[in-house]
Amino acid sequence: MSRRKTRPRTSPAAPAVTATSPCPCGLDAVYGACCGRFHSGGGTAPTAELLMRSRYSAFVVRDEAYLLRTWAPETRPGEVDFDPGMRWAGLEIEETGEGTAFHQHGTVTFTARYIHGGEPGALHERSRFARHEGAWVYVDGDFLD
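Since this is a predicted model, take the numbers as computed values, not measurements. (Residues numbered from 1 in each chain as written. Predicted model: local features only at pLDDT ≥ 70, side-chain atom pairs only at ≥ 80, totals over all residues. Heavy atoms only, no water.)

Draft legend 1. Just the packing of aromatic side chains, in detail. In total, this model carries six aromatic pairs according to the counting rule given. Consider the rings of Tyr-56 and Trp-88, whose centres lie 6.0 Å apart with planes at 75°: the pair is edge-to-face. On the criterion of sequence distance, the pair formed by Tyr-56 in helix α2 (residues 48–61) and Trp-88 in strand β1 (residues 86–98) is long-range, its members being 32 residues apart. In this structure Tyr-56 comes out as buried when scored by relative accessible area, which is 4%. Judged by its relative accessible area of 22%, Trp-88 is partly exposed. With 5.5 Å between their ring centres and 80° between their planes, Trp-71 and Tyr-138 make a pair best called edge-to-face. Highlighted residues: Trp-71 in the loop between α3 (64–69) and β1 and Tyr-138 in strand β4 (residues 135–143), separated in sequence by 67 residues. For Trp-71, a relative accessible area of 14% puts it in the buried group. Accessibility expressed as a relative area gives 12% for Tyr-138, which makes it buried. Feature note: the residues Tyr-56, Phe-59, Phe-82, Trp-88 and Tyr-114 constitute an aromatic cluster, connected by ring pairs. (Phe/Tyr/Trp six-rings, centres within 6.5 Å; stacked < 30°, edge-to-face > 60°. Helix = DSSP H or I, 4+ residues; strand = E, 2+ residues; numbered from the N terminus. Buried < 20%, exposed > 50% of the residue type's maximum accessible area, 1.4 Å probe, protein only.)

Draft legend 2. Fine view of a negative patch on the surface. A surface patch of like charges, here negative, comprises Glu-92, Glu-94, Glu-95 and Asp-145. Relative to the elements of secondary structure, Glu-94 occurs in strand β1. Residue Glu-94 is classed as partly exposed on the basis of its relative accessible area, which comes to 36%. (Patch = residues over 30% accessible without salt bridge, like charges linked within 9 Å, V, L, I, M, F, W, Y side chains within 5 Å. Areas by Shrake-Rupley, 256 points an atom, 1.4 Å probe, with all protein chains shown as cover. Salt bridge = Lys/Arg side-chain N within 4 Å of Asp/Glu carboxyl O. Lys, Arg positive; Asp, Glu negative; His and termini not counted. Charge placed at Lys NZ, Arg CZ, Asp CG, Glu CD.)

Function-wise, these values are silent; they only describe arrangement.
Listed below in structure tokens is the structure:
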């Protein structure tokens, strides 16, 4: 009798995004020069909007370390639970409030489109950001609609 080895069940891998791929955040730049530079520790996002974009891209590439690093300590979870059936499909920034180099707080209203189980959907949120030790961090948000 032969024994067949079975592979352990694993979650689907994150989409293949390389340094030369278009950045998932929607800006007209390649990932390595856009959000990828923040993910790899090459500086911090200078505005709340750029932090929002880089966090969206971190969800696309499933970069848990970056998401936790850019989450306010008072609201940060212990881990990020990525849904293996979720594929992020686009980001639209609708409105920003403050969040520049001259502010301590800011808001970003956005719609993030996704495909889950073959069905399209959208997450509409107004996120709040604050400065923590000089860098922008995500604090929390309100779901809209």
